[in-house]
Amino acid sequence: MSQVSQPPIDQVTLTEIRVLKKRADFLRLRHIPKDGGLRFSHKAFLLVGGPGLDPKSARFGLTVTKKLGNAVTRNRIKRRLRAAIREIAPLFAKQGHDYILIARSAATELPFETLKDALKLGLERHKA
RNA sequence: UCAGACGGUCGGACAGCCGCGGCUUUUAACGUCGAGGAAAGUCCGGGCUCCAUGGAAGCAGGGUGCCGGGUAACGCCCGGCGGCGUGGCAACACGUCAGGGAAAGCGCCGCAGAAAAUAUACCGCCUUCCAUUGCGGAGGUAAGGGUGAAAAGGUGCGGUAAGAGCGCACCGCGUUGGCAGCAAUGUCGAUGGCAUGGCAAGCCCCGCCCGGAGCAAGACCGAAUAGGAUCGGCAUUGAUAGGCUUUGCUUAUCACGGCGCGCUUUCACGCUGGAUCGGUCGGGUUGGUCGCUUGAGGCCUUGCGCAAGCAAGGCCCCAGAGGAAUGGUUGUACAUCUUGCUUUGGCCUAUGGCCAAAACGCAGGAGGACAGAACCCGGCUUAUAGACCGUCUGACGCU
RNA sequence: CGGGGCGUAGCGCAGCCUGGUAGCGCAUCUGUUUUGGGAACAGAGGGUCGCAAGUUCGAAUCUUGCCGCCCCGA
């Protein structure tokens with residue numbers, strides 16, 4: 001666990017997590033980052049974020065390209081990232097924002113704890 | 001204890017002998033592994049392979065359909081909502097549902113009935129006129145009768161000549177607002193005064209999804225035969241520069257034309273301007289190797305989640321054959337069925353006979369369903385003797 | 001293994017798309033005609049629409065699932 005973890009318990013507000021599905025949403029976020037958005041790079045993924053359409057929740061989308069492997073490895077990456085999101089995002093994601101995780105090759109082998117820490121770091125940078 | 005409903009798990013065990021298929025290998029022997037929950041139907045969804053140059057938009061064709069979640073994906077699964085049915089006073093429980101749209105349009109609603117979607121008036125009811133007391137004329141009305149699967153909101157009260165949402169209350173419906181919920185939807189009001197019959201598993205509209213073919217895909221090696229026939233597409237370019245074997249050939253760039261597999265448009269890209277590209281037919285082979293099994297794989301533990309399921313950690317390797325191998329037999333227990341003995345009870349024509357029941361005991365016999373991998377997974381559907389577990393309901397007995 | 005098609009009277013087929021009456025030919029039976037038969041004429045009988053569920057007021061017909069038969073493909 002890194003030292004940036006656990007905020008004081010009375011300040012914790014659980015953000016609701018949604019799935020980002022529409023192609024249009026992905027395309028919109030691709031152009032946002034210059035003005036106040038988030039762009040966080042890591043060995044395992046690239047995290048992009050910006051203001052979203054749903055004010056009450058944070059929505060997450062995954063992009064895993066064919067470059068990373070065949071269908072089975074790609075799906076495995078998706079499952080691991082989703083699991084990380086489910087544990088980390090309710091505590092650290094900003095309400096009313098959309099995020100996209102673009103997976104990179106390290107997401108296959110990297111330990112799960114490292115993956116979670118990286119995601120936490122990225123989201124906290126955006127919140128600050 | 002028995003019976004029933006629902007859900008889940010398993011679906012013959014162990015040992016000997018004789019055999020079968022793969023691997024290993026010295027063609028042997030030894031060793032090792034060797035069918036399923038449905039391997040099935042091929043009804044959906046994927047992986048994988050080949051074909052099509054890729055992106056976008058539209059059309060055609062097919063599929064799907066409450067909401068949210070799960071999933072690689074689905075027509076599947078989980079949770080929720082709503083309708084219908086059964087039980088119940090009710091709360092509710094169980095079952096079930098192809099459950100978007102019928103005030104966008106078209107179409108259909110046989111027979112019966114006056115009338116089947118622009119409403120209408122057969123028997124009636126009421127008013128009135130004539131007057132030869134009628135099967136009469138005019139008007140009002142749709143409560144009652146009758147037909148039908150369905151009759152133009154339902155029930156009750158008021159009202160009226162008789163009636164009618166004509167008025168009122170409740171219910172239903174439409175419009176609209178608040179609250180709860182991610183949503184389907186629920187609930188509480190306000191308001192309209194009835195406008196909106198049913199069928200979309202008829203056409204259709206709306207949202208979403210989908211390229212085609214399949215391991216007999218496809219790749220390689222070898223053999224053999226032929227070196228064919230026929231059909232179709234477009235063309236036989238221009239300019240500039242360079243090279244050479246210098247009146248021609250060739251290379252590059254640009255322009256122009258053509259082609260690129262359901263159709264059209266557009267953008268990019270590629271091929272081509274050749275004795276070239278593609279299709280169909282005919283002829284030959286009926287050999288081998290790969291694809292072919294480590295996979296969205298199993299089992300256990302932990303965490304998250306109501307659940308479907310997901311993640312992390314550990315352990316394991318579990319059919320890969322060619323039209324196709326797992327079988328037979330003997331023994332031992334075991335579930336179950338059955339016969340006799342035995343035991344218990346009852347009756348009688350009473351040292352016996354008959355009837356009924358059986359928890360335990362003894363002996364004998366029978367006896368274990370549906371069904372067999374063929375590239376591999378996820379579902380659905382169908383077939384299935386019997387056993388076990390859980391929940392609920394009912395009956396009987398005991399405490 | 002994969003892909004198509006068809007089940008309606010004893011036999012061969014319509015009807016299904018667009019749902020309300022199951023029809024045609026041959027065969028069978030009865031009658032007329034003939035001395036008798038055939039032929040002809042007139043009339044009659046005969047069908048769980050492969051099975052089962054669903055949609056609908058109503059299903060041979062529409063939808064789904066089973067069963068059987070036939071055809072094609074290296």
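Everything numeric here is computed off the predicted structure, so don't read it as measured data.

Asker: I would appreciate a short explanation of the sheet that holds strand E5 (residues 97–103) in the present structure.
Answerer: Strands pair in a sheet through their backbones, by hydrogen bonds, and they do so in one of two ways: parallel or antiparallel. The strand order E1-E4-E5-E3-E2 describes an open sheet built from five strands, whose pairing is mixed. Of all the strands in the sheet, the pair left with one neighbour each is strand E1 (16–19) and strand E2 (38–41). Neighbouring strand axes in the sheet, compared pairwise and without regard to direction, differ in orientation by 20° on average. Sheet analysis places E2 next to strand E3 (residues 45–51), joined by four bridges and oriented antiparallel. Pairing of Phe40 across the sheet is with Leu47, part of E3. Here helix H2 (residues 71–92) sits on the sheet and contacts E1, E3, strand E4 (57–63) and E5; the angle it forms with E4, its principal contact strand, is near 160°.

Asker: Please clarify how the protein's contact with RNA strand B should be interpreted in this entry.
Answerer: The full set of residues close to RNA strand B is Arg18, Val72, Asn75, Arg76, Arg79, Arg80, Arg82, Ala83, Arg86 and Phe112. Sugar and phosphate atoms represent 96% of those atoms of RNA strand B found within 4 Å of the protein. Counting residues per element, the surface near RNA strand B draws most heavily on H2, at eight residues.

Asker: Just to check I follow, could you spell out the side chain of Lys116 for this structure?
Answerer: Mapped onto the fold, Lys116 is located in helix H3 (residues 112–127). By relative accessible area, Lys116 is classed as buried at 9%. With near-sequence residues (within four places) excluded, Lys116 lies in contact with Ala84, Glu87 and Ile88.

Reading guide: rules and limits
Residues numbered from 1 in each chain as written. Chains lettered and ligands numbered in written order. Predicted model: local features only at pLDDT ≥ 70, side-chain atom pairs only at ≥ 80, totals over all residues. Heavy atoms only, no water. Pairing = 2+ DSSP bridges. Helix = DSSP H or I, 4+ residues; strand = E, 2+ residues; numbered from the N terminus. Axes fitted to C-alpha atoms, helices over the stretch in contact; angles between N-to-C directions. Contact = heavy atoms within 4.5 Å. Near = heavy atom within 4 Å. Buried < 20%, exposed > 50% of the residue type's maximum accessible area, 1.4 Å probe, protein only.

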